[in-house]
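Breakdown of the fold
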Amino acid sequence: MSPTTAAEITSDLAADTLLVREYLDRAVRPAVLDEEQQQKYREMIKELMAVKNARLVAHYYTDPVLQELAEETGGFVGDSLEMARFGRDCDAEILVVAGVKFMGESAKILSPDKTVLMPTLQATCSLDIACPIEKFSVFCDEHPDRIVVVYANTSAAVKARSDWVVTSSIALDVVEHLMEQGKKVLWAPDKHLGSYIQKTTGADMLLWDAACIVHEEFKARGLNAMRKMYPDAAILAHPESPSAVLELADVVGSTTQIINAAKNLPNTEMIVATDQGIFHKLQQVAPHKKFIIAPTAGNDATCRSCAQCPWMGMNSLQSLYLSLDAQSNVIDVAAELAEKAMIPLQRMLDFAANNQLKVRGKA
Ligand code: 13P
Ligand code: SF4
């Protein structure tokens, strides 16, 4: 039976943590290809993309080989907001989204006439898993006086139940805007991003209790020790990291905002608290700077996550080739649901188009 009160929802979330583990057990790591095999796949994919008028849209956390392929073939690499925008605006017939499920769904909602494929349909996100629509809907019903703002890392159904969808690059600006209108916010699902927004803006926010399994592993204690080793390094953190980590950061922002900071800050050393996939782009934009991954465990613990999203890591040259060749792994969002989810997504895109987004931090 579905929970009906906030207390029941909270206790049910422990069960969702187990669910995340089950998904993780199923996360398949792609086989490692040698240089020759990689080259063969790259060529076959390029040929298919040209024939089928397809474009590859990849997230910064995916394998560098996919990021390079996207850029070489007129596709795109970006943060989740930019991926959604690029997919909507490009004139391809097929979009191949290398990332996780919510990114494919957002692309489909914004481009209903395009065919949206993903290298794998298994790639999900701990935030999406931990915010099932049935429980979320009950939570919203209990708080009708609040504007429902959800992170993009959610299912189409959760988006459809919301007033606003936001990504990490725009979340603060949107909540600030709502606060100026005297609105109270119900926020889901990432508790760390939610509490960061709450602290920064002072908005009245009720938070869902979920976290990113990758960013939650960054530890302030280890980061403090690392800062002593690199006293001149800037600390760049994604806002899905715990608050104690964010308090130590010089810049807090989305993946693109982190990359821009890496390029623009004068520091020649940077400690980075986000998925290691981003290092490919960081090193490209600032080849002479040194990037160090933030520690994921305290002094006494062993590394558990190593800052690599298991689901992003499921995207590979082989799975991309297979889905494009067979036009399999098609993302479908029921028309009625897509229409409802489009409203808060469009609201975000309109807001982004009309406002200069601020980057936060001490820098
Ligand atoms: P960005 O929007 O910053 O790319 O973040 C997406 C994400 O899933 C981070 O873990
Ligand atoms: Fe989700 Fe975290 Fe992976 Fe991003 S890094 S897709 S928030 S699990």
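The structure under discussion appears in the preceding block.
Residues numbered from 1 in each chain as written. Chains lettered and ligands numbered in written order. Predicted model: local features only at pLDDT ≥ 70, side-chain atom pairs only at ≥ 80, totals over all residues. Heavy atoms only, no water.

**Notes on the overall build of the protein**
Counting its regular elements, the protein contains 16 helices and 13 strands. The proportion of buried residues among the 363 residues of the protein is 58%. About 15,400 Å² of surface is accessible on the protein, with carbon and sulfur atoms providing 50% of the total. (Helix = DSSP H or I, 4+ residues; strand = E, 2+ residues; numbered from the N terminus. Buried < 20%, exposed > 50% of the residue type's maximum accessible area, 1.4 Å probe, protein only. Areas by Shrake-Rupley, 256 points an atom, 1.4 Å probe, with all protein chains shown as cover.)

**Description of the site of ligand 1**
Lining the immediate environment of ligand 1, one finds His59, Tyr61, Asp79, Ser80, Asn153, Ser168, His215, His238, Glu240, Ser254 and Thr255. Between ligand 1 and Glu240 there is a distance of 2.8 Å, counted from an oxygen atom to a side-chain nitrogen or oxygen. Thr255 has a polar side-chain atom sitting 2.7 Å from an oxygen atom of ligand 1. Alone, ligand 1 offers 300 Å² of accessible surface; in the complex the protein occludes 95% of this. Residue classes in the shell around ligand 1 are distributed as 1 nonpolar, 8 polar and 2 charged. (Near = heavy atom within 4 Å. Polar contact = N/O pair within 3.5 Å; in protein donor to acceptor, adjacent residues only side chain to side chain. Nonpolar A, V, L, I, M, F, W, Y, C, P; charged D, E, K, R; others polar.)

**Considerations on the pairing of strand S1 (residues 54–59)**
By the criterion of burial, S1 is predominantly enclosed, with 6 of the 6 residues buried. Here S1 shows no split at all, with Ala54, Leu56 and Ala58 on one side and Arg55, Val57 and His59 on the other all buried. Taken together, the 3 bridges between S1 and strand S2 (residues 76–78) define a ladder with parallel strand orientation. Directly across from His59, in S2, lies its bridge partner Gly78. Regarding topology, helix H3 (residues 64–72) serves as the crossover connection from S1 to the parallel S2, and that connection is right-handed. (Pairing = 2+ DSSP bridges. Right-handed = clockwise from strand over helix to strand, strands pointing away.)

**Quick word on the site of ligand 2**
Around ligand 2, the neighbouring residues are Tyr61, Val100, Cys125, Ser126, Leu127, Asn153, Cys212, Val214, Glu240, Cys309 and Trp311. Looking at side-chain class alone, the shell around ligand 2 contains 8 nonpolar, 2 polar and 1 charged residues.

**Let's talk about helix H5 (residues 101–110)**
Counted residue by residue, H5 has 9 buried out of 10 residues, so it is predominantly covered. Those residues of H5 that fall on the buried side of the exposure criterion are Phe102, Met103, Gly104, Glu105, Ser106, Ala107, Lys108, Ile109 and Leu110.

**Describing the sheet that holds strand S8 (residues 205–207)**
Ordered by their spatial adjacency, 4 strands build an open sheet running S6-S5-S7-S8, and the pairing between neighbours is parallel. Strands with a single pairing partner mark the edges of an open sheet, and in this sheet they are strand S6 (164–166) and S8. If you compare each strand with its neighbour and ignore which way they point, the axes differ by 25° on average. As paired strands, strand S7 (residues 185–188) and S8 are joined by 3 bridges and run parallel to one another. Opposite Trp187, over in S8, you have Leu207 as the bridge partner. Against the sheet, helix H7 (residues 133–142) makes contact with strand S5 (147–151), S7 and S8, and its axis sits at roughly 165° relative to S7, the strand it touches most. Lying on the sheet, helix H9 (residues 171–180) is in contact with S5, S6, S7 and S8; it crosses S6 at an angle near 150°. (Axes fitted to C-alpha atoms, helices over the stretch in contact; angles between N-to-C directions. Contact = heavy atoms within 4.5 Å.)

**Focus: the packing of aromatic side chains**
The geometry of an aromatic ring pair is captured by the separation of the ring centres together with the interplanar angle, meaning the angle of the planes. The full count for this structure, using the stated rule, is 7 aromatic pairs. For the ring pair Tyr151 and Trp187, a centre distance of 6.2 Å and an interplane angle of 35° mean the geometry is tilted. Pair noted here: Tyr151 is in strand S5 and Trp187 is in strand S7, with a separation of 36 residues, a long-range link. In this pair, the class of Tyr151 matches that of Trp187, namely buried. (Phe/Tyr/Trp six-rings, centres within 6.5 Å; stacked < 30°, edge-to-face > 60°.)

**Focus on unusual backbone geometry**
Note that the residue after Ala188, namely Pro189, is joined by a cis bond; omega there is -10°. Tracing the backbone shows Pro189 in the loop between S7 and helix H10 (191–201). Phi at Gln327 is positive, roughly 45°, even though this residue is not glycine. Inspection of the secondary structure assignment puts Gln327 in the loop between helix H15 (317–326) and helix H16 (335–354). For Gln327, a relative accessible area of 34% puts it in the partly exposed group. Unusually for a residue other than glycine, Asn329 sits at a positive phi of about 60°. In this structure, Asn329 sits in the loop between H15 and H16.

**Section: the pattern of salt bridges**
Close approach of charged atoms allows side chains of opposite charge to pair. In this structure the tally under the stated criterion is 13 salt bridges. Lys46 is paired through a salt bridge with Glu72; the nearest N and O atoms lie 2.9 Å apart. Of this pair, Lys46 sits in helix H2 (residues 35–52) while Glu72 sits in helix H3, and the two are 26 residues apart along the sequence. Owing to a relative accessible area of 46%, Glu72 belongs among the partly exposed residues under this scheme. As a salt-bridge pair, Asp89 and Arg88 come within 2.8 Å of each other at their nearest N and O atoms. Residues joined in a network through salt bridges with shared partners are Lys191, Asp209 and Glu216. (Salt bridge = Lys/Arg side-chain N within 4 Å of Asp/Glu carboxyl O.)

None of this, on its own, says anything about what the molecule does.
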